[in-house]
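A closer look at the structure
Each chain is listed here by its residues.
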Amino acid sequence: MSKVDLILGADPSRKRAVRTEPTQRRSSQRLDALLDAAAEIVDETGFERLTTQMVAERAGASIGTVYRYFPDRVAVVHALRERSIRRYRERVAEEMERTEVETWWDVVDVALDVCAAAYRDEPGFTVVHAGRRETADGDVEPEFAHRMAQLIEAEFELDTDAAELRFRLGVAIELGDALISRAFQRDPAGDQRYLAEAKRLVHDYLAEHLGQERAASNAA
């Protein structure tokens, strides 16, 4: 299985927030326009104040069009979050393809760097931090931690059992995302001190618990 497939981990059987899945290009574009409008509102006012009426007005659509896809405002937020997570994973996968991934530390760094980039330029990405983590089937660890663990296990030799690796990556994801999210609350461009600390603390945590320090020459 390729790096892209391991990171994306698409599951067509998973329940979606959208009431009616678009089957035609025009419907898909309409749905994207509604979510684009929701993302703008979230960035301006926060997801707590989002309403279906606001989405309809911003998108230039009728309220009936909104209800065709979403039963309520909560479903809008969930759908926006699903789209943001999907786009984040796609960007991680694309970056993995472009980057010369030499060690499993590079996998961690790409995930952190893309997360910061998404907060910076993906409209509405703040909803990712606001909601509950998507967990893997039969486990309490974040789904993305499983995807990262599978990639690391497939590509690199790491003397750690699978459950321990998933747990440590899950903690690292929570730690990194909390600090990166905070960086963009402090500064729209991302507070560089918080971004640097996010990467440093994630590195220190994983090195302590997985027993592998990254070479100093590659740690920047």
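Heads up: the structure comes first, above all this text.
Small disclaimer: the values here were computed from a predicted structure and weren't measured.

Quick word on the side chain of threonine 52
Among the secondary structure elements, threonine 52 is positioned in helix H3 (residues 52–59). Residue class for threonine 52 comes out buried when judged on its relative accessible area of 9%.

What to know about the packing of helix H8 (residues 143–155) against helix H9 (residues 162–186)
Remark: H8 packs on H9, axes separated minimally by 8 Å, with the N-to-C direction vectors making an angle of 125 degrees. One way to sum up the angle between H8 and H9 is to call them oblique. In this structure, H8 crosses over H9, and the sense of that crossing is right-handed. In this structure, H8 uses Phe144, Ala145, His146, Met148, Ala149, Ile152 and Glu153 to contact H9, whose residues at the interface are Ala162, Leu165, Arg166, Leu169, Gly170 and Ile173. Of the residues that constitute the contact of H8 with H9, the class distribution is nine nonpolar, two polar and two charged.

What about the packing of aromatic side chains?
A full pass over the atoms with the stated rule returns six aromatic pairs. When the ring of tyrosine 88 is compared with that of phenylalanine 125, the centres are 6.2 Å apart and the planes differ by 45 degrees; the resulting orientation is tilted. Placement of the pair is tyrosine 88 in helix H5 (residues 73–98) and phenylalanine 125 in the loop between helix H6 (104–121) and helix H7 (127–130), with a sequence separation of 37 residues. For tyrosine 88, a relative accessible area of 12% gives the class buried. Since its relative accessible area comes to 3%, phenylalanine 125 is described here as buried. Between tyrosine 119 and phenylalanine 184, the ring centres sit 5.6 Å apart and the planes meet at 15 degrees, which makes this aromatic pair stacked. Here the residue tyrosine 119 occupies a position in helix H6, and phenylalanine 184 occupies one in helix H9, the gap between them amounting to 65 residues.

Overview of the packing of H6 against helix H10 (residues 192–210)
Orientation of H6 relative to H10, taken along the N-to-C sense of each, is 155 degrees, at an axis distance of 11 Å. The angle between H6 and H10 falls in the class roughly antiparallel. Between H6 and H10 lies a crossing of right-handed hand. Across the interface between the two elements, Trp104, Trp105, Val108, Asp109, Leu112, Asp113, Ala116 and Arg120 of H6 pack against Gln192, Leu195, Lys199, Val202, His203, Leu206, Ala207 and Leu210 of H10. Residues that form the contact of H6 with H10 fall into these classes: ten nonpolar, two polar and four charged.

Analysis parameters
- Residues numbered from 1 in each chain as written.
- Predicted model: local features only at pLDDT ≥ 70, side-chain atom pairs only at ≥ 80, totals over all residues.
- Heavy atoms only, no water.
- Helix = DSSP H or I, 4+ residues; strand = E, 2+ residues; numbered from the N terminus.
- Buried < 20%, exposed > 50% of the residue type's maximum accessible area, 1.4 Å probe, protein only.
- Axes fitted to C-alpha atoms, helices over the stretch in contact; angles between N-to-C directions.
- Parallel < 35°, antiparallel > 145°, perpendicular 65-115°, else oblique.
- Left-handed = near helix turned anticlockwise from the far one by under 90°.
- Contact = heavy atoms within 4.5 Å.
- Nonpolar A, V, L, I, M, F, W, Y, C, P; charged D, E, K, R; others polar.
- Phe/Tyr/Trp six-rings, centres within 6.5 Å; stacked < 30°, edge-to-face > 60°.

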